[in-house]
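Now for the letters of each chain:
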Amino acid sequence: MHARVLRLKKSGERPELSLETEALTPPNEGQVRVKLTSIGLNRADLLFQQNRYFQKPELNSRLGFEGGGIIDAVGPNTPFSVGDRVSTCPMAIDVFSQGCLADYATFTASQLLPCPSSIASDSIGAIWMAYLTAWGGLLDAGKLKIGNNVVITAASSSVGIAAIQIAKQHHASVIATTTSPGKFEALKELGADAVILQPREPSEFDNYLEAIKTFTRGQGSDLVFDAVAGPASHALIKASKRGGRIIFHGLLDRRPMDVHAGVLMKRLLTLKGYTLDQTLSDADKKIAAVKGIYDGIETGSLKPTIAKFFTLEQYQSAFDYLRSNQQFGKVVIHLK
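Residues numbered from 1 in each chain as written. Predicted model: local features only at pLDDT ≥ 70, side-chain atom pairs only at ≥ 80, totals over all residues. Heavy atoms only, no water.

(A) Representation of the side chain of Thr37 in the model. With respect to the helices and strands, Thr37 occurs in strand β3 (residues 31–40). Under the relative-accessibility criterion, Thr37 is labelled buried at 7%. There is a polar contact of 2.7 Å between the side chain of Thr37 and the backbone oxygen of Ser121. Ignoring any residue separated from it by four or fewer positions in sequence, one finds Thr37 in contact with Gly68, Gly69, Ser121, Asp122, Ile124, Ile333, His334 and Leu335. (Helix = DSSP H or I, 4+ residues; strand = E, 2+ residues; numbered from the N terminus. Buried < 20%, exposed > 50% of the residue type's maximum accessible area, 1.4 Å probe, protein only. Polar contact = N/O pair within 3.5 Å; in protein donor to acceptor, adjacent residues only side chain to side chain. Contact = heavy atoms within 4.5 Å.)

This is the structure we're talking about:
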């Protein structure tokens, strides 16, 4: 048997990729082979190809940090069975040898998470990265509380949408920001209590501050879950209430942040960076997050939003679409 695998032939601003056919191998002891049906694309996939990710690419590396599918073969001493539906656990796989942009991939049990029964096979590779990032950033790092006013930036991304749903699940009031007025209604339909334009330049800061002030009745935001950083951090800080928290989980704007220590001291603000490994490396936090997300999906309070499906052969179009920032939700490669 043979299978297709997408490999990186050259990294950089103009990466070279190749979809190749390779012999399919059986799983070894403790391993399972997964017939992938769904691969979720993430910003990390683009950064990895450009040699801008914290994991540096290797020549001929596989690609794809997140996927899911159906187990079609098992080695000795595994807790799974043929036919089980599973997804990869974020940050658990070796992308170089186990990248998910392929027909098949082989994993150990510790690298996989169960798939909620309510999720279709075309979407099971688009769950855990977004929801675990949002859960850990809001609850573990952000200490989200009932009744908090929460600002979620870049809210139409898969992580932003997951954050809106998790914040509402925990009875917070959500202010979603976006750079696209055309996404306002869709974000409100997802549960955002207010949607405002995301500030990018100083000329836009006053409008942002006024909108936050109006929505919070002059109190300011309790928590900001920010994927942007850059100069707009100045506006996020000024619009935070005394004792507020700002959690940075992304760097969409790579320009320097505008932060004045005196403001932080006077307002008793907390600024904190968050990466998903902070949740996954703590066994208790990981178990709580997986259970909370799994239960939320099964009950319907959490529901993944898919922006667009592509086939594996359309990988370049899928990456171009992800790069365009036009999507609302997750970009997914679907394999039948």
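(B) Just the packing of aromatic side chains, in detail. Enumeration over the complete set of coordinates arrives at five aromatic pairs. Measuring from centroid to centroid gives 5.9 Å for Phe48 and Phe96, while their planes differ by 55°, and the two rings are tilted. Of this pair, Phe48 sits in helix α1 (residues 43–49) while Phe96 sits in helix α2 (residues 95–98), and the two are 48 residues apart along the sequence. In textbook terms, an aromatic cluster arises when at least three aromatic residues are bridged by ring pairs, as seen for Phe48, Tyr53, Phe54, Phe65 and Phe96. When the ring centre of Tyr321 is taken as reference, the NZ or CZ atom of Lys308 above it lies at 5.2 Å. (Phe/Tyr/Trp six-rings, centres within 6.5 Å; stacked < 30°, edge-to-face > 60°. Lys NZ or Arg CZ within 6 Å of the ring centre and 35° of its normal.)

(C) How the structure looks around the pairing of strand β2 (residues 16–23). Two strands pair when backbone bridges link them, and strand β1 (residues 2–10) and β2 are joined in this way by eight bridges, in the antiparallel orientation. When the bridges of β2 are listed, His2 appears paired with Ala23. Two successive antiparallel strands, β1 and β2, enclose a turn made up of five residues, where Gly12 displays a positive phi of approximately 135°. (Pairing = 2+ DSSP bridges.)

(D) Focus on the layout of surface pockets. Looking at the largest pocket, its volume works out to about 1600 Å³. Contributing to the lining of the largest pocket are 48 residues, with Arg43, Ala227, Gly250, Leu251 and Leu252 lying nearest its centre. Listed by contribution, the elements that provide at least two residues to the lining of the largest pocket are α1, α3 (128–141), α4 (158–169), α11 (315–324) and β16 (330–334). It is α1 that contributes the most residues to the lining of the largest pocket, four residues altogether. Split by residue class, the lining of the largest pocket holds 22 nonpolar, 17 polar and nine charged. Size it by volume and the second largest pocket reaches roughly 220 Å³. (1 Å grid on protein atoms, 1.4 Å probe; cavity = no way out; pocket = protein on both sides within 12 Å on 5 of 7 lines; lining within 4 Å. Points joined across faces, edges and corners; volume = space filled by probe spheres on them. Nonpolar A, V, L, I, M, F, W, Y, C, P; charged D, E, K, R; others polar.)

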